[in-house]
Amino acid sequence: QVRMVESGGGLVQAGGSLRLSCAASGRTFSSYGMAWFRQAPGKEREFVAAVTWSTSSTFYTNSVKGRFTLSRDNAKNTVFLQMNSLKPEDTAVYYCASRSRGGSWYVGNESEYDYWGQGTQVTVSS
């Protein structure tokens with residue numbers, strides 16, 4: 001089984017920064033790519049960022065480009081999301097996800113991912 005746990009969320013003022021972490025564990029864990037999604041109150045879950053391990057390619061939704069950066073620590077099976085210049089509209093529960101299959105896929109489609117964390121709350125005040 002695979003378990004993924006997010007951490008690092010909290011309350012920050014607009015313009016501030018947070019670094020989210022997602023630690024994956026499990027003997028069967030094998031990831032071909034990981035992603036971050038978020039869900040704001042009253043809204044559907046949306047794609048934020050993703051990385052594909054085979055090509056080390058990163059992808060970001062337009063609203064976070066230049067502000068968010070995805071990185072990882074292979075030794076600890078951990079992926080990070082560095083969030084800078086935070087805006088109130090970034091307020092949401094952030095979820096990490098992992099794809100256990102190779103090949104090509106649309107990184108922004110949540111159905112492409114197989115394992116999900118429980119989410120961590122990010123609140124950005126005005």
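Residue numbers here run from 1 along each chain, matching the order of that chain's written sequence. The model is predicted, so local features are restricted to residues of pLDDT at least 70 and side-chain atom pairs to those at 80 or more, both for listing and for counting; the totals for chains, interfaces and linings are taken over all residues. Side-chain measures were taken over the full set of non-hydrogen atoms in the model, leaving aside hydrogen atoms and water.

Take the nonpolar core next. We define a nonpolar core as any set of buried Ala, Val, Leu, Ile, Met, Phe, Trp, Tyr and Cys residues linked to one another through side-chain atoms lying within 4.5 Å. Buried, partly exposed and exposed residues are distinguished by accessible area as a fraction of the type maximum, computed with a 1.4 Å probe on protein chains only: under 20%, between the cut-offs, and over 50%, respectively. Membership of the largest hydrophobic core comes to 27 residues, with the highest contact counts inside it found for Trp-36, Val-48, Phe-68, Leu-81, Met-83 and Tyr-94. By definition, any uninterrupted DSSP run of H or I lasting at least four residues is a helix, any uninterrupted run of E lasting at least two residues is a strand, and each is numbered from the N terminus. Broken down by secondary-structure element, the contributors of at least two residues to this core are β3 (18-25), β4 (33-39), β5 (46-52), β7 (68-73), β8 (78-83), β9 (92-99) and β11 (120-125). It is β3 that provides the largest number of residues to this core, a total of four residues. Those residues in contact with Val-48 that lie beyond four places of it in its chain are Trp-36, Phe-37, Arg-38, Phe-59, Tyr-60, Thr-61, Val-64, Phe-68, Leu-81 and Tyr-94. By size, the runner-up hydrophobic cluster in this structure holds eight residues, among which are Phe-37, Phe-47, Trp-105 and Tyr-113. Residue contacts are counted whenever heavy atoms from the two residues lie within 4.5 Å of one another.

Which parts of space are left empty comes out when a probe the size of a water molecule is rolled across the atoms. Its boundaries defined by the atoms lining it, the largest pocket holds a volume of some 160 Å³. Charged residues are taken to be Asp, Glu, Lys and Arg, nonpolar residues to be Ala, Val, Leu, Ile, Met, Phe, Trp, Tyr, Cys and Pro, and polar residues to be all remaining types, Gly included. Here the lining of the largest pocket is built from residues that sort into two nonpolar, three polar and eight charged. Put plainly, a pocket is an open set of points on a 1 Å grid over the protein atoms alone with protein on both sides within 12 Å along at least five of seven lines, a cavity is a set where a 1.4 Å probe fits but cannot get out, and a lining residue has an atom within 4 Å of a point. Grid points are joined across faces, edges and corners, and a volume is the space filled by probe spheres set on the points.

With that settled, the discussion passes to the pairing of strand β6 (residues 57-60). With four bridges connecting them, β5 and β6 associate as antiparallel partners. When the sheet's bridge partners are listed, Val-51 is paired in β6 with Thr-58. Following DSSP output, two strands are said to pair if at least two bridges run between them. Once β5 ends, the chain turns through four residues before running back antiparallel as β6, passing Ser-56 with a positive phi of about 55°.

Here we take up the pattern of salt bridges. Throughout this description, the term salt bridge denotes a Lys or Arg side-chain nitrogen within 4 Å of a carboxyl oxygen of Asp or Glu. Tallied over the entire structure, the rule returns six salt bridges. With its nearest N and O atoms 2.8 Å apart, the salt bridge here joins Arg-67 to Asp-90. Here the residue Arg-67 occupies a position in the loop between β6 and β7, and Asp-90 occupies one in the loop between β8 and β9, the gap between them amounting to 23 residues. Asp-90 matches Arg-67 in its accessibility class, with the two residues each being buried. Overlapping salt bridges bring together Arg-38, Glu-46, Arg-67 and Asp-90 as one network.

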